[in-house]
Amino acid sequence: MNIVVCIKQVPDTTEIRLNPETGTMIREGVPSIMNPDDKSGLEAALQLKYKYGAHITVITMGPAQADKVLREAYAMGVDRAILLTDRKFAGADTLATSNALAGALRMLDFDLIITGRQAIDGDTAQVGPQIAEHLDLPQVSYVEGLQYDGQKLFTIKKSTEEGYQIVEVEAPCLITILSSANSPRYMSVNGIVNAYKREVEIWRFENINIDEHKLGLKGSPTRVFKSFTKGAKIAGQLYEVEAVEAADIIIEKLKEKFIING
Amino acid sequence: MDKSQYKNIYVFVEQREGVIQNVALELLNKACELADKLNEEVYAVLLGYNIKDKAPLLIAHGAGTVLCVDSSELEQYNTEPYTQAITQILNDRKPSVVLIGATTIGRDLGPRLSARMRTGLTADCTGLDISRESALLMTRPAFGGNLMATIICKEHRPQISTVRPGVMLKGKEDPSRKGAVENVTINFDKSKFKVRILKTVKEEKNLIDITKARILVSGGRGVGSSEGFKMLDKFAKTIGAEVSSSRAMVDAGVITYDRQVGQTGKTVRPDVYFALGISGAIQHLAGMEESDYIIAINKDKYAPIFQVADLGIVGNVNQIIPLLIEKLKKGK
Amino acid sequence: MDFSLTKEQELFLQMIREFAEKEVKPIAAEIDEEERFPMETVEKMAKLGLMGIPIPVEYGGAGANSQLYSIAVEELSRVCATTGIIVSAHTSLCAAPIYEFGTEEQKRKYLPKIASGQWLGAFGLTEPNAGTDAAGQQTTAVDMGDHWLLTGSKIFITNAAYANLYIIIAMTDRSLATKGISAFIVESTSPGFSVGKKEKKLGIRGSATCELIMENCIVPKENLLGQIGKGFGIAMKTLDGGRIGVASQALGIAQGAMDETVKYVKERKQFGRSIGQFQNTQFQLADMDTKIEAARWLVRLAAYKKDMKQPYSIDAARAKLFASETAMEMTVKAVQFHGGYGYTREYPVERMMRDAKITEIYEGTSEVQRMVISAGLLK
């Protein structure tokens, strides 16, 4: 079985702090990590590999520094790593990103494509299903667990708001997986020692057969019109009032915060 | 692309087992507001099986027209049949805006649809507005909520957006509203139906990972007993929150360790944190002061918790919370 | 001269920190409190190759080097000194001497089990009457023709109760003094071999420190490690390597105490401001940080020289001397900064202070390190 796992290098958003005076994001010193959902997807692939035998390719689209997450994937046990990088891919929204990744995936053999449900820097959950559409593959999103019959059939547990669904789909297919699906293994020491001795293939625009107008900024239907931070924390207010009034003040705040409808 | 051909706002009506989901009604209300600004119409796209009787509810919530696709293929949500049905409708009718609930269904459908239509999609919007050029302004959080970005989809139509449940406000149901119901027939390509749903299971999801909760109701010594925590439970349920606590209550055996906030417990950053009867010892503050909005209730005016609280109430938790629960229930 | 970490080292640091944070830190207080050996952690470390970091892949190790090994012990000890010493004693005092002094046959037989972490290793040199003066060995090994017969006891043996394999130092010819000392590889299942009482300790309470008893213990002929009469040298060289491990452990403890202190002084408020805003705090922190960084580079240098196959005995002694005394000083200061809270078990600094003390004692006391260093100066 050939498995391709799409991974992304993201800033560790839990480490991002706001400057209390200006309310702007402090980006310096924020570590870059493998996106948690993607890492869970990689673990799912590795489990299939050790149970049924599989060849695992990881692919990431990003700048040269994204090399690091591919090395990490090597240290976890994957067989092949591809860095999709080109200035022509820059500024892509989810659709343009999915076009580039789908172009690269068409050059590879796969029975199963795994992506994370969503990346913590964007939280869009779009690229996986969009790739599936470009490649005309069935998709199962929000995957919590999967079983394989060793032949062709995947039985998948898919998370929903109310519980879960069990669905069945045959290879080839694409799944988007949740970080709660499993606990990704750590890199092994020997894997780390060898990670930089192995080859990371650099694929550029020329390596994928996709029209330039579908890529990067040009290929992106959506644009950021403006961005802003929520602003610095203002000093709190203290009320010494009767219980009834206190309850009303709290309710007003909850409405403001969209916690309850008002 | 001739954008002038694209008109009207379409809302994907999410139903589960024939029950219209609140998010659809919230979106209809927002769609009405946007349609007013654009001087366009609101359409509800209702997909399901034996579902026609739900159309009046949608009209009462603002739909000018309900497009109803009634088919056994659409009884339960499944990516491909739903995508085919909606794609056909969008291609035939060319709306300018499509709004979808950002649920596990909407977030599965939205991107598939956008890729098939080759247009833009903006996920999890918290704000929608119309620009002077009549474009949809879609505002959403990024970088774990640290940054807000307003997105536009300039040259492609329709402009698709998903919106989380509870973000937009539901309008008042008005049964006197008039609207049309149109039945639509879809020519399905069943050869592409490859995902089979074997079973759908409902379970009470016990969200004990308090670090992932959006709202936390945290109790301390001031809440006192298991009885007090039952009250917090009730309050938490009314606003969709999880219950957590200070160390004192864990040590007292009132609540389990996995719900402890603080230096020796968990560090949390919810959107709203209620510190109820918690004085705010340093080890507790260390675990929660990064919360977006902190509401504290404590009898002691000088309790350190008030130094980090955005909203502080000097008072008795055991009086205020029952009142809150009562008022919230009435409000619903 | 390049002082930056290599990319492999950076990747390793990322892994070991995450491992320490998620797998080791959460149980550090518990294993201390209960004096429980964290076997589950050993199993997890074995899976990742952490029990044989500098041993080549062909012998079942991870094929890395002393520098990665040192970083591992440091990072583990930063959150739990017990876990640090388990790895250190196992690697430096058991795997390393077999790799460095063993025959090809011994390496093939024992290293894959040890370096993979399937077996745990330990080292027996210290005796009730032979501590710093290691030459005063009472344990004897008698050549019985087709096997060796070992008799005597060893004390304060790290990993003892859980180890499967021991490097045992014993007298083969008392008349030759240190030249009559030899080293042996002894399996825990050897007839006549047993583990005695477990020590109740001030610190590193999760590590199993016990007595080893050999009563007519039968050891196969081929389990002599190195040549006969070379045991003292083997023991001393083994301890040179071990000192890199203990120095790394001490460094980790010091850094851990520093981490806790920095966090605390930012949070703790007195007289209306955080104690980190007082100049006394700031100056002390600066001094602490400087000492820890100095210790770090002494440790790195010793590991580097070992990897480069340069003489490193004095470097290891300097690193151990300075890092262990730094650990003691930093942890005492950390407790002081924490005030009353620091004296309670609610915060980890009191544990770190108790753990730090042993680093000035085992694998050569600070006095021994000073002897080693000054001997180099005065020869």
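Please refer to the structure placed before this passage.
Residues numbered from 1 in each chain as written. Chains lettered and ligands numbered in written order. Predicted model: local features only at pLDDT ≥ 70, side-chain atom pairs only at ≥ 80, totals over all residues.

Asks: Explanation requested: the overall build of chain C in the structure shown.
Replies: Secondary structure summary: chain C contains 10 helices and 10 strands in total. Here chain C has a C-alpha radius of gyration of 21 Å; the compact-globule value for 379 residues is 21 Å, and the two agree. Principal-axis analysis of the C-alpha atoms gives chain C an extent of 80 × 45 × 40 Å. Looking at chain C residue by residue over its 379 residues, the buried ones come to 54%. Contacts in chain C between residues far apart in sequence, at least 24 positions, make up 74% of those at least 6 positions apart. (Helix = DSSP H or I, 4+ residues; strand = E, 2+ residues; numbered from the N terminus. Rg over C-alpha atoms; globule rule 2.2 N^0.38 Å. Buried ≥ 20, exposed ≤ 12 C-beta atoms within 10 Å, placed from the backbone. Contact = placed C-beta atoms within 7 Å.)

Asks: Could you clarify how one ought to interpret the interface of chain B and chain A in this entry?
Replies: Interfaces are often sized by the accessible area lost when the parts come together. Taken residue by residue, the interface counts 68 residues in chain B and 66 residues in chain A. Of the residues belonging to the side of chain B that touches chain A, the class tally is 33 nonpolar, 17 polar and 18 charged. When strand 11 (residues 163-170) of chain A meets strand 13 (residues 196-202) of chain B, the two strands line up antiparallel, connected through six bridges. For Gly163 of chain A, the partnering residue across the bridge sits in strand 13 of chain B and is Lys202 of chain B. (Nonpolar A, V, L, I, M, F, W, Y, C, P; charged D, E, K, R; others polar. Pairing = 2+ DSSP bridges.)

Asks: Just to check I follow, could you spell out the packing of helix 7 (residues 279-307) of chain C against helix 8 (residues 313-342) of chain C for this structure?
Replies: Geometry of a packed helix pair, given as the angle between the helix axes and the separation of the axes. All names here are of chain C. Contact pair helix 7 / helix 8: the axes reach a minimum separation of 9 Å and the direction vectors enclose 155°. The angle between helix 7 and helix 8 falls in the class roughly antiparallel. The two elements helix 7 and helix 8 cross, and the hand of that crossing is left-handed. Each of Gln284, Met288, Lys291, Ile292, Ala295, Leu298, Val299, Leu301, Ala302 and Lys305 in helix 7 lies in contact with helix 8, whose residues at this interface are Asp315, Ala316, Arg318, Ala319, Phe322, Ala323, Thr326, Met330 and Lys333. Partitioning the contact of helix 7 with helix 8 into residue classes produces 12 nonpolar, two polar and five charged. (Axes fitted to C-alpha atoms, helices over the stretch in contact; angles between N-to-C directions. Parallel < 35°, antiparallel > 145°, perpendicular 65-115°, else oblique. Left-handed = near helix turned anticlockwise from the far one by under 90°.)

Asks: Help me out: how do you make sense of helix 5 (residues 104-115) of chain C in this one?
Replies: Structurally, the α-helix is built with 3.6 residues per turn, so residues lying three or four positions apart point the same way. Residues and elements named next belong to chain C. Looking only at helix 5, the buried set comprises Lys107, Tyr110, Leu111, Ile114 and Ala115. Buried residues along helix 5 cover an arc of 115° about the axis, so they all sit on one side. Buried residues along helix 5 sit in contact with helix 4 (81-101), strand 1 (121-124), strand 4 (165-171) and strand 5 (181-187). After helix 5 finishes, the residue Gly117 shows a positive phi value of roughly 85°. (Arc of directions from axis to C-beta.)

Asks: Looking at this structure, how should I read the sheet that holds strand 6 (residues 55-61) of chain A?
Replies: Where strands meet in a sheet, backbone hydrogen bonds hold them as pairs that are either parallel or antiparallel. Ordered by their spatial adjacency, 10 strands build an open sheet running 13(A)-7(A)-6(A)-1(A)-8(A)-12(A)-9(A)-10(A)-11(A)-13(B), and the pairing between neighbours is mixed. Edge strands, defined here as strands with exactly one partner in the open sheet, are strand 13 (200-203) of chain A together with strand 13 of chain B. On average, each strand axis in the sheet is tilted by 30° relative to the strand beside it, whichever way the strands run. Strands in contact with helix 2 (residues 67-76) of chain A are strand 6, strand 7 (80-84) and strand 13 of chain A; relative to strand 7 of chain A, the strand with the most contacts, it is inclined by about 170°.

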